[in-house]
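As a plain string of letters, each chain reads:
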Amino acid sequence: MFDWISDAIDWIGDGISSLWDSTIGGAVDAISDVVWDIMFEWLFNKVYGAVAELFMFIDQSATDLFSLAWVRTFVSLFQALGWMLFVCGLVMAVFDTAMAYESGAANIRQTCVNVIKGFMAAALFAVVPQRLYELCIALQGSFSYDLLGVFLSDTYSTIADSGLSVLYVLASDVSLFSLFLSYFSVTAR
């Protein structure tokens, strides 16, 4: 006899539930999705940034190795060895050119080019590898941060942008509450 009261209460409950799901429940879902996305983006930034900084620190420590006194002494020893080899090669090139000149087969131009090559090799023997290593380390550090920007290119820069994205998601839903929020998102721009 009073089943109609039970049906009316169920109908009102279903109406309130669907109203909740289409308005506040949708807003809560959209906001929680954006909050989780922002939180995981922040966590990813921190973890990736920490790993990138760690590797950059390790590599920078390796380049700082070249500023130690005993390493500079060792490098200067090899630089002196390079100059001694250049002098020996220069003396050999002069005698070889003199011997070839007596037989008429001397190529003085080629000997001068080889002497210039040897001079450049001896002068840059201890400098270029160190500078190239430092350049590679600097490029690696900057590339790691640039890669982070590439991975996160479609994220939001501010909290206001994140909030606007939530409002746009809610605006796609047709309900009274979403119409109210879409009005404020349009006026906020």
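Residues numbered from 1 in each chain as written. Predicted model: local features only at pLDDT ≥ 70, side-chain atom pairs only at ≥ 80, totals over all residues. Heavy atoms only, no water.

1. A look at the overall build of the chain
For clarity, the cut-off: Put simply, DSSP H or I for four residues or longer makes a helix, DSSP E for two residues or longer makes a strand, and each gets a number counted from the N terminus. Accessibility here uses a 1.4 Å probe with only protein chains present; expressed as a share of the type maximum, an area under 20% marks a residue as buried, one over 50% as exposed, and anything in between as partly exposed. The contact rule is simple, with two residues in contact once any of their heavy atoms fall within 4.5 Å. The method behind every accessible area is Shrake-Rupley, applied with a 1.4 Å probe, and residues are considered shielded solely by the protein chains displayed.
Each helix and strand counted, the chain has seven helices and zero strands in total. When the helices and strands of the chain are listed from N to C terminus, the series reads α-α-α-α-α-α-α. Expressed as a percentage of the 189 residues in the chain, the buried residues total 17%. Sequence-distant contacts, at least 24 apart, represent 75% of the contacts inside the chain between residues at least 6 apart. Element-wise, carbon and sulfur atoms account for 73% of the exposed surface of the chain, whose accessible area totals about 14100 Å².

2. Thoughts on the packing of aromatic side chains
For the record, the criterion: Only Phe, Tyr and Trp rings take part, Trp by its six-membered ring, and two of them pair if their centres are within 6.5 Å. Stacked means planes under 30 degrees apart, edge-to-face means over 60, and tilted covers everything else.
Scanning the entire structure with this criterion turns up six aromatic pairs. Both rings, one in Trp83 and one in Phe86, keep their centres 5.8 Å apart while their planes meet at 85°; by these two values the pair is edge-to-face. With Trp83 and Phe86 both in helix H3 (residues 69-103), this residue pair falls three residues apart, about one helical turn. Given a relative accessible area of 30%, Trp83 falls into the partly exposed group. Judged by its relative accessible area of 15%, Phe86 is buried. Grouping aromatic residues by their ring pairs yields a cluster made of Trp83, Phe86 and Phe119.

3. Observations concerning a nonpolar patch on the surface
Going by this rule: Patch construction takes residues with relative accessible area above 30% that form no salt bridge. Like charges are linked within 9 Å, and nonpolar side chains (Val, Leu, Ile, Met, Phe, Trp, Tyr) are linked within 5 Å. For this analysis, a salt bridge means a side-chain nitrogen from Lys or Arg found within 4 Å of a carboxyl oxygen belonging to Asp or Glu.
Together, Trp36, Met39, Phe40, Trp42, Leu43, Val47, Val51, Leu54, Phe55, Phe57 and Ile58 make up an exposed nonpolar region whose accessible area comes to about 1100 Å². Position of Phe55 among the secondary structure elements: in helix H2 (residues 24-64). Overall, the relative accessible area of 47% leaves Phe55 in the partly exposed class.

4. Considering the layout of surface pockets
Let me state the cut-off plainly: A cavity here means a set of points on a 1 Å grid, drawn over the protein atoms and nothing else, where a 1.4 Å probe fits but cannot get out; a pocket is an open set with protein on both sides within 12 Å along at least five of seven lines, and a residue lines either one if it has an atom within 4 Å of a point. Grid points are joined across faces, edges and corners, and a volume is the space filled by probe spheres set on the points. Here the nonpolar group is Ala, Val, Leu, Ile, Met, Phe, Trp, Tyr, Cys and Pro; Asp, Glu, Lys and Arg are the charged ones; every other residue, Gly included, is treated as polar.
Here the largest pocket defines a volume of roughly 180 Å³. In this structure, the largest pocket is lined by 13 residues; those nearest its centre are Gly89, Ala93, Thr111, Asn114 and Val115. Going through the elements one at a time, H3 and helix H4 (108-124) are the ones with two or more residues in the lining of the largest pocket. The element best represented in the lining of the largest pocket is H3, accounting for eight residues. Taken together, the residues of the lining of the largest pocket break down into six nonpolar, six polar and one charged.

Note that every value here comes from positions in space, so none of it alone points to a role or purpose.
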